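Architecture and fold: a report
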Amino acid sequence: MSEALLNVQGVTLQYKTTERVVTATHQVSFGVQKSDRFVLLGPSGCGKSSLLKAVGGYLPTTEGEITLKGRAVTGPGPDRMMVFQEFDQLLPWKTVAQNVVFPLLATGKLGRAEAQQKARHYIDKVGLSRFADSYPHTLSGGMKQRVAIARGMAMEPEILLMDEPFAALDALTRRSMQDELLRLWDDTKFTVLFVTHSINEAIRIGTRILLLSPHPGQVRAEMNSTTDLSRQAALEDQIHGLLFGEGHH
Amino acid sequence: MNEINANPRPDRFYEVAAFTGTNAVERPIPAIERLWNRGWLRKLLILVVLAGIWELYGQWSDNSLLFPSFSDTMAAFWENIANGKLPARALASVQVLLLGYALGTLLATVLSVLAITTRIGNDFLETLTSMFNPLPAIALLPLALLWFGLGNGSLIFVLVHSVLWVVALNMHAGFLGVSQTLRMVGRNYGLGSLSYVVKILVPAAFPSILTGLKVGWAFAWRTLIAAELVFGVSSGKGGLGWFIFENKNQLEIPSVFAGLLSVILIGLAMENLVFRTIERRTVRKWGMQH
């Protein structure tokens, strides 16, 4: 555990509305190691998105600590690139290529020529070379998500944070995007923290799965996924049982 | 239970050949229809029809003192352009206008950026706009005359007032309307607050900002002409408002109409050439407006 890349230690997250304080997660701990495909899985209300936002630096912790490579997370930063669920996460006034180049330049990570080369490389990887000069509004939902993934990967962050990136896609596109993400991972073995409410997606995408129970989010289990197709159905049943009570084995 | 279908159907597979039907996937639209799809042509047609009605009514009423016809107005218009009066007046108006407009927009930008970055700035802008936005610029003219005297200073003061609040209001509304996702994307890049505003908020709020600029332009133009009507009197080179006032006093009504026509034409040119071009190159190209 000590050599984990990302360490989440006893993290409690609370939202303040004008009338009450809502606890999203209660003392959640886990560690993500390099090249993990770590999945946060749970029903709505388990605070998985809140946890991801806290790792992203958007949400302060009420209790506990989040460290990335030993440094405490205090705010958003380009070492934790985020891919959102919403299609409007691309800057509509920039073309596909410009969207990928922009963070590389804005953070001063690369010079213009190198940034453009890197952007081209990753746009090619997600199969959108033909659309490099298109504006986002001309793309389909799946293509927009691919650009967002290319943008995140081009920054080569310590960890890529994905907040249900395929949830708004149709089932067919969703399936092919999952395969594509795995293919991309095979290439570069990037570390990813992935949030989903789909058990099936968690098993397909993840190497390690953190199971959260709702209201407030608490760790129910942390388990390895499997690529063995014959074992996946059993694992799915087991997770379902853990989340929704027994009597399902 | 599963035996409902007595005639089981086999699976069938088809080869999909390249589409070569009589109706091709794409075909050109007829020339007339393409012409009719041009916005400027339809608008030009409307203008021609309106001018025709105007001419007919002018001829019929036959009273060029009260209502000169279109042709009388055009004659006066050309005459005043030829003798250089109208262009000089229009130039004087546009110069003051641009100055006041630029100043007002600049102030509006500063106020709305402060409002989006600090809470006290937000309170400040909200209070000020609710106080001053409903106040007609012309109502400030007596004060302006007292403070800045007869001349461009007073004009610019009322112009800034007429532009500032409406532009600031729209800019601020635009900033507030930027989606949470885009804000988080911007913050993800670790941009400083100024480059966050310039590189994320301003383009993301551009449709609203553009609306503010358009409304601000119209307000400024109105205010200017009205203010010139009131006190163009003493300053040697007045603007279009003063041109209208002067000609009314001399009962040169076709010239009054020519002056009004110039006000309209400059407004139309600004809307259709400048703002339309900006729109086409920005918000439409980006798919933020259709």
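In this text the structure is predicted, and so the values were computed from the model without any measurement. (Residues numbered from 1 in each chain as written. Chains lettered and ligands numbered in written order. Predicted model: local features only at pLDDT ≥ 70, side-chain atom pairs only at ≥ 80, totals over all residues. Heavy atoms only, no water.)

**Considering the nonpolar core**
One finds Leu6, Phe30, Leu40, Ile149, Leu193, Ile209 and Ile239 of chain A to be the most contacted residues of the largest nonpolar core, which totals 148 residues. At 13 residues, helix α7 (residues 152-176) of chain B tops the list of elements feeding residues into this core. What isoleucine 239 of chain A contacts, discounting residues up to four positions off in sequence, is Leu41, Ile199, Ile203, Ile209, Leu211 and Met223 of chain A. (Core = buried A, V, L, I, M, F, W, Y, C linked by side-chain atoms within 4.5 Å. Buried < 20%, exposed > 50% of the residue type's maximum accessible area, 1.4 Å probe, protein only. Helix = DSSP H or I, 4+ residues; strand = E, 2+ residues; numbered from the N terminus. Contact = heavy atoms within 4.5 Å.)

**A closer look at helix α1 (residues 48-56) of chain A**
All names here are of chain A. A large share of α1 lies buried, amounting to 7 of its 9 residues. Looking only at α1, the buried set comprises Lys48, Ser50, Leu51, Leu52, Ala54, Val55 and Gly56. Downstream of α1 by a residue or two, glycine 57 has a phi angle that is positive, lying close to 90 degrees.

**Looking at empty space enclosed by the protein**
Residues and elements named next belong to chain A. A complete count under the given rule lists 1 cavity of 30 Å³ or more for this structure. Approximately 40 Å³ is the volume attributed to the largest cavity. Considering the residues around the largest cavity, the lining is formed by Val126, Arg146, Ile149, Phe166, Met177, Glu180, Leu181 and Leu184. When residues of the lining of the largest cavity are traced back to their parent elements, those giving at least two are α4 (141-154) and α5 (171-188). With 4 residues, α5 is the largest single contributor of residues to the lining of the largest cavity. The residue inventory of the lining of the largest cavity, partitioned by class, reads 6 nonpolar, no polar and 2 charged. (1 Å grid on protein atoms, 1.4 Å probe; cavity = no way out; pocket = protein on both sides within 12 Å on 5 of 7 lines; lining within 4 Å. Points joined across faces, edges and corners; volume = space filled by probe spheres on them. Nonpolar A, V, L, I, M, F, W, Y, C, P; charged D, E, K, R; others polar.)

**Description of the sheet that holds strand β5 (residues 71-72) of chain A**
All names here are of chain A. If you walk across this open sheet you meet the 4 strands as β2-β1-β4-β5, and the pairing is antiparallel. Where the open sheet ends on each side, the last strands, each with one partner, are β2 (21-32) and β5. Inspection of the sheet shows strand β1 (residues 6-16) paired to β2 by 8 bridges, in the antiparallel sense. In the sheet register, tyrosine 15 faces β2, and the bridge partner there is valine 22. The strands touched by α1 are β1, β2 and β4 (63-68); relative to β1, the strand with the most contacts, the crossing angle is about 115 degrees. (Pairing = 2+ DSSP bridges. Axes fitted to C-alpha atoms, helices over the stretch in contact; angles between N-to-C directions.)

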